[in-house]
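Okay, here's what each chain looks like letter by letter:
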Amino acid sequence: MSTVVRFAPSPTGRLHVGNARVALINWLFARKTGGQFVLRIDDTDAERSRPHFARAIVEDLQWLGFAWHRMEAQSARYERYELAVERLKGTGRLYPCYETAEELAAKRKRQLTRGKPPIYDRAALNLSESERAAYEAEGRRPHWRFRLLHENIEWVDLLHGPWHFEGANLSDPVLVRGDGQPLFTLSSTVDDIEFGITHVIRGEDHVTTTAAQIQITAALGAPPPSFGHLPLLSDVSGQGLSKRLGSFSLGEMRGEGIEAMAVNSYLARLGTSDPIVPMVDLDALAASFEIDRLGKAGPKFDFAELKTLNHRVLAILPYAAVADRLGELGLAGVDERFWFAVRDNIARIEDARHWHEVCRGEVRPVIDDPAFAAAAARLLPAGAWDEGTWSAWTSAVKGETGRSGKALFMPLRRALTGADHGPELKILLPLIGRERALARLGGKTA
């Protein structure tokens with residue numbers, strides 16, 4: 001049987017790195033097993049779902065480099081959920097409840113005061129027809145709960161191994177609100193069955209939901225998928241991440257100049273004992289991915305570490321991977337030589353603008369010793385320049401001035417680039433060219 005996984009975000013905010021990690025692990029698992037990746041937009045929450053967030057989810061996932069075999073929106077599937085609801089009602093597993101939110105809160109408070117777990121007491125199962133009719137006459141509309149079997153619920157988790165719950169220790173979950181709106185626990189289960197999902201990999205905050213969904217799946221006549229529960233990602237202070245609060249959103253990171261493969265490389269290894277290393281594409285990540293290497297402890301996301309990794313990713317990207325983007329920056333005349341010259345010295349691809357200006361534009365040179373700069377200018381070689389030009393020129397300057405080491409190289413770098421650090425000058429000098437070099441050293445242009 002082919003592996004089919006799904007990523008099911010709700011369009012109530014921008015994706016953050018915690019969401020991205022879940023999507024990435026599902027995508028890598030599918031690619032490693034030769035399976036399929038399904039994108040499902042869980043947009044049944046009409047109060048908070050927004051179309052622009054749904055579009056942003058697609059854009060963010062495409063930016064990360066993910067492709068999917070199927071995309072679905074839950075808002076187009078209400079008929080399927082209604083059929084499931086009628087089937088569960090017909091078997092007696094879905095029953096109406098009339099308590100208000102305030103009454104339920106009071107019940108939970110009393111249970112906690114008595115030292116009991118706040119589990120729904122199933123009082124609605126004991127209502128007579130006349131009592132139900134009286135509630136209906138008051139204008140109350142029932143919400144519908146799934147009646148769990150009070151038996152052991154168990155599965156072998158992909159990350160945690162054997163896991164179990166006792167059905168009697170769980171509240172019967174609400175599957176349909178009083179306004180008829182199906183809730184996640186139902187709609188997700190129906191979709192997983194009908195889309196042929198074989199593995200559900202999601203955050204460990206869904207563990208109790210999994211226990212209920214195993215019984216709902218069985219009640220709908222289907223076998224449950226395999227489950228894997230990922231420890232939740234937090235920031236360096238230990239605070240949880242929130243999509244609605246925009247915690248480390250992917251859109252924000254794109255604005256900061258973070259590379260998609262830096263995010264992928266970082267999140268794929270976060271929470272494992274493997275070193276976090278830069279990767280140039282998702283296929284390379286998938287080849288080394290093993291889900292059982294993910295730890296059980298909650299990993300912490302450090303944006304400073306990601307920025308460092310971003311630099312390392314840029315340093316290994318081939319020119320073909322960035323050529324279009326360099327063009328979009330308006331950098332005229334750039335080629336593979338330019339990219340190889342500067343890629344080790346940029347934190348963001350936008351930083352290539354600075355080195356383009358050094359090579360093709362105006363730079364304010366730093367001249368510490370005008371006499372030395374003038375001597376160096378006189379010795380600039382004529383003819384075509386290549387990577388050997390720097391060595392030949394500095395050897396001539398050394399012979400003329402007697403300088404060596406830092407005393408020789410630093411004044412030349414400062415004069416040519418206006419900075420103390422940067423790309424190797426043997427590579428950069430031919431890109432600067434003789435005319436600009438001569439002008440920056442204080443000589444006359446050719």
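To be clear, the structure that these remarks concern was listed above.
This report concerns the structure included in the present document.

Rules used throughout
Residues numbered from 1 in each chain as written. Predicted model: local features only at pLDDT ≥ 70, side-chain atom pairs only at ≥ 80, totals over all residues. Heavy atoms only, no water. Helix = DSSP H or I, 4+ residues; strand = E, 2+ residues; numbered from the N terminus. Rg over C-alpha atoms; globule rule 2.2 N^0.38 Å. Buried < 20%, exposed > 50% of the residue type's maximum accessible area, 1.4 Å probe, protein only. Contact = heavy atoms within 4.5 Å. Salt bridge = Lys/Arg side-chain N within 4 Å of Asp/Glu carboxyl O. Phe/Tyr/Trp six-rings, centres within 6.5 Å; stacked < 30°, edge-to-face > 60°. Lys NZ or Arg CZ within 6 Å of the ring centre and 35° of its normal. Patch = residues over 30% accessible without salt bridge, like charges linked within 9 Å, V, L, I, M, F, W, Y side chains within 5 Å. Areas by Shrake-Rupley, 256 points an atom, 1.4 Å probe, with all protein chains shown as cover. Lys, Arg positive; Asp, Glu negative; His and termini not counted. Charge placed at Lys NZ, Arg CZ, Asp CG, Glu CD. Pairing = 2+ DSSP bridges. Axes fitted to C-alpha atoms, helices over the stretch in contact; angles between N-to-C directions. Core = buried A, V, L, I, M, F, W, Y, C linked by side-chain atoms within 4.5 Å.

1. Notes on the overall build of the protein chain
Here is step 1: For the protein chain, the count of helices and strands is 18 helices and twelve strands.
Here is step 2: Relative to the 2.2 N^0.38 estimate, which gives 22 Å for 446 residues, the radius of gyration of the protein chain is 31 Å and therefore markedly larger than a compact globule would have.
Here is step 3: C-alpha extents for the protein chain along the principal axes are approximately 110 × 45 × 40 Å.
Here is step 4: Counting every position in the protein chain, which comprises 446 residues, the buried fraction comes to 48%.
Here is step 5: The contacts in the protein chain between residues at least 6 apart in sequence include a share of 74% that link residues at least 24 apart.

2. Considerations on the environment of R312
Here is step 1: Of note, R312 is situated in helix α11 (residues 303-314).
Here is step 2: Accessibility expressed as a relative area gives 36% for R312, which makes it partly exposed.
Here is step 3: Through-space distance from the C-alpha of R312 to that of G402 is 38 Å; in sequence the pair is 90 residues apart.
Here is step 4: When residues no more than four places from it in sequence are discounted, the contact partners of R312 are I276, V277 and P278.

3. Things to note about the pattern of salt bridges
Here is step 1: By the definition in use, this model includes 29 salt bridges.
Here is step 2: A salt bridge links R14 to D60; its shortest N-O distance comes to 3.0 Å. Note that R14 is positioned in the loop between β1 (4-7) and α1 (17-32) and D60 in helix α2 (residues 51-64), a separation of 46 residues in sequence.
Here is step 3: Exposure remark for D60: the relative accessible area of 0% places this residue in the buried category.
Here is step 4: Taking the shortest distance from any N to any O, the salt bridge between R325 and E259 comes out at 2.6 Å. Residue R325 is located in helix α12 (residues 319-328), and its partner E259 is located in the loop between α8 (250-255) and α9 (260-269); the two are separated by 66 residues in the primary sequence.

4. Here's the deal with the packing of aromatic side chains
Each pair of aromatic rings is reported with the distance of its centres and the angle of its planes.
Here is step 1: Counting across every chain of the model gives twelve aromatic pairs.
Here is step 2: Both rings, one in Y78 and one in Y81, keep their centres 6.3 Å apart while their planes meet at 90°; by these two values the pair is edge-to-face. Of this pair, Y78 and Y81 both sit in helix α3 (residues 78-90), separated by three residues, roughly a single helical turn.
Here is step 3: Here Y78 falls in the partly exposed class, since its relative accessible area comes to 28%.
Here is step 4: The class of Y81 is buried, set by a relative accessible area of 1%.
Here is step 5: Taking 4.8 Å as the distance between ring centres and 65° as the angle between the ring planes, the aromatic pair formed by F248 and F301 counts as edge-to-face. With F248 in the loop between β11 (234-235) and α8 and F301 in strand β12 (residues 300-301), this residue pair connects regions lying 53 residues apart in the sequence.
Here is step 6: Its relative accessible area of 1% is what places F301 among the buried residues.
Here is step 7: An aromatic cluster is present here, built from W155, W163, F165 and F227 joined pairwise through their rings.
Here is step 8: Cation over ring: K89 sits above W144, and NZ or CZ is 3.9 Å from the ring centre.

5. Section: the environment of N126
Here is step 1: Residue placement: N126 occurs in the loop between α4 (101-113) and α5 (129-138).
Here is step 2: Residue classification places N126 among the exposed residues on the basis of a relative accessible area of 66%.
Here is step 3: N126 sits 40 residues away from E86 along the chain, and the two C-alpha atoms are 21 Å apart.

6. A short note on a negative patch on the surface
Here is step 1: Taken together, the side chains of D344, D386, E387 and E424 define an acidic patch exposed on the protein surface.
Here is step 2: Here E424 is to be found in the loop between α17 (405-417) and α18 (425-440).
Here is step 3: Note on E424: relative accessible area 48%, which makes it partly exposed.

7. Re the sheet that holds strand β5 (residues 143-146)
Here is step 1: Spatially, β4-β5-β8 is the arrangement adopted by the three strands of the open sheet, whose pairing is antiparallel. Sheet topology places β4 (94-97) and β8 (174-176) at the edges, where each strand pairs with a single neighbour. The average angle at which neighbouring strand axes cross in this sheet is 45°, direction not considered.
Here is step 2: Note: β4 against β5, four bridges, orientation antiparallel. Residue Y95 lies in a different strand from β5, and its bridge partner there is R145.
Here is step 3: Those strands touched by α3 are β4, β5 and β8, and its axis lies near 90° from that of β4.

8. Some words on the nonpolar core
Here is step 1: The biggest cluster of nonpolar side chains holds 88 residues, and the ones touching the most others in it are L61, L267, L326, W339, W393, L428 and L441.
Here is step 2: For this core, the element with the highest residue contribution is α1, accounting for ten residues.
Here is step 3: Residues within four places of L267 in sequence aside, it is in contact with V17, A20, R21, L24, L233 and F301.

9. Re the sheet that holds β1
Here is step 1: Spatially, the three strands line up as an open sheet ordered β1-β2-β3, and their pairing is parallel. The two strands at the open ends of the sheet, each matched to only one other strand, are β1 and β3 (70-73). The mean inter-strand angle of the sheet, taken between neighbouring strand axes irrespective of direction, is 25°.
Here is step 2: Sheet analysis places β1 next to strand β2 (residues 36-41), joined by four bridges and oriented parallel. Along β2, the bridge assignment pairs F7 with L39.
Here is step 3: Contacts between α2 and the sheet are confined to β1, β2 and β3, with β2 contributing the most and set at about 155° to the helix.

10. Some thoughts on unusual backbone geometry
Here is step 1: For R122, which is not a glycine, the phi torsion comes out positive at approximately 60°.
Here is step 2: Inspection of the secondary structure puts R122 in the loop between α4 and α5.
Here is step 3: Residue classification places R122 among the buried positions, given a relative accessible area of 17%.

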